[in-house]
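Per-entry structural report
What follows is each chain in one-letter form.
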Amino acid sequence: MEKERLRTFFIDGDQLTVKYHYDEKAEIFIGQFPEFDEEPRYTPNGRPWKSAVSIGCPFAKGQYDDCGSCPCLIKAEPHDIIGVCFHEGLRSRASPEKKPVSDISASTGN
């Protein structure tokens, strides 16, 4: 059985590849996701990548004050735990303003 997989997330003109390792005890692949709070990452359109479990956003519209329940978090697939925040209040002013790329899809590699 393979022990590693790569998955590339494509959102808002950016791509992020995450390595997954197989956990034999849990019998599932577990992703090694970046810590976006510690090392922010932005799409070419200036939008921040966020984890669904991030809390404390002043613009959160969700029931539980987390990114996962906020409609501004756009994910490649509904079950994903990372995505890009589309709230204009969090958009980086350092990035050029471009039209959003409509490619919000994901692919998995074996």
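Scroll up to find the structure this text is about.
Description of the structure in this document.

The rules behind the values
- Residues numbered from 1 in each chain as written.
- Predicted model: local features only at pLDDT ≥ 70, side-chain atom pairs only at ≥ 80, totals over all residues.
- Heavy atoms only, no water.
- Phe/Tyr/Trp six-rings, centres within 6.5 Å; stacked < 30°, edge-to-face > 60°.
- Helix = DSSP H or I, 4+ residues; strand = E, 2+ residues; numbered from the N terminus.
- Buried < 20%, exposed > 50% of the residue type's maximum accessible area, 1.4 Å probe, protein only.

Brief notes about the packing of aromatic side chains
- Following the criterion strictly, the structure yields 4 aromatic pairs and no others.
- Judged by centre distance (5.8 Å) and plane angle (85°), the rings of Y20 and F33 are edge-to-face. Placement of the pair is Y20 in strand 2 (residues 14-23) and F33 in the loop between strand 3 (28-31) and strand 4 (49-51), with a sequence separation of 13 residues.
- Of the residues examined, Y20 reaches a relative accessible area of 14% and is grouped as buried.
- Given a relative accessible area of 22%, F33 falls into the partly exposed group.
- Each member of the aromatic cluster is reached from another via a ring pair, and the members are F9, Y20 and F33.

Notes on unusual backbone geometry
- Positioned with a positive phi, D12 is a non-glycine residue whose angle comes to about 55°.
- Topologically, D12 is positioned in the loop between strand 1 (4-11) and strand 2.
- D12 sits in the buried class, given a relative accessible area of 0%.
- A positive phi angle, near 60°, is found at E27, a position not held by glycine.
- On the secondary structure map, E27 appears in the loop between strand 2 and strand 3.
- The exposure class of E27 is exposed, given its relative accessible area of 58%.

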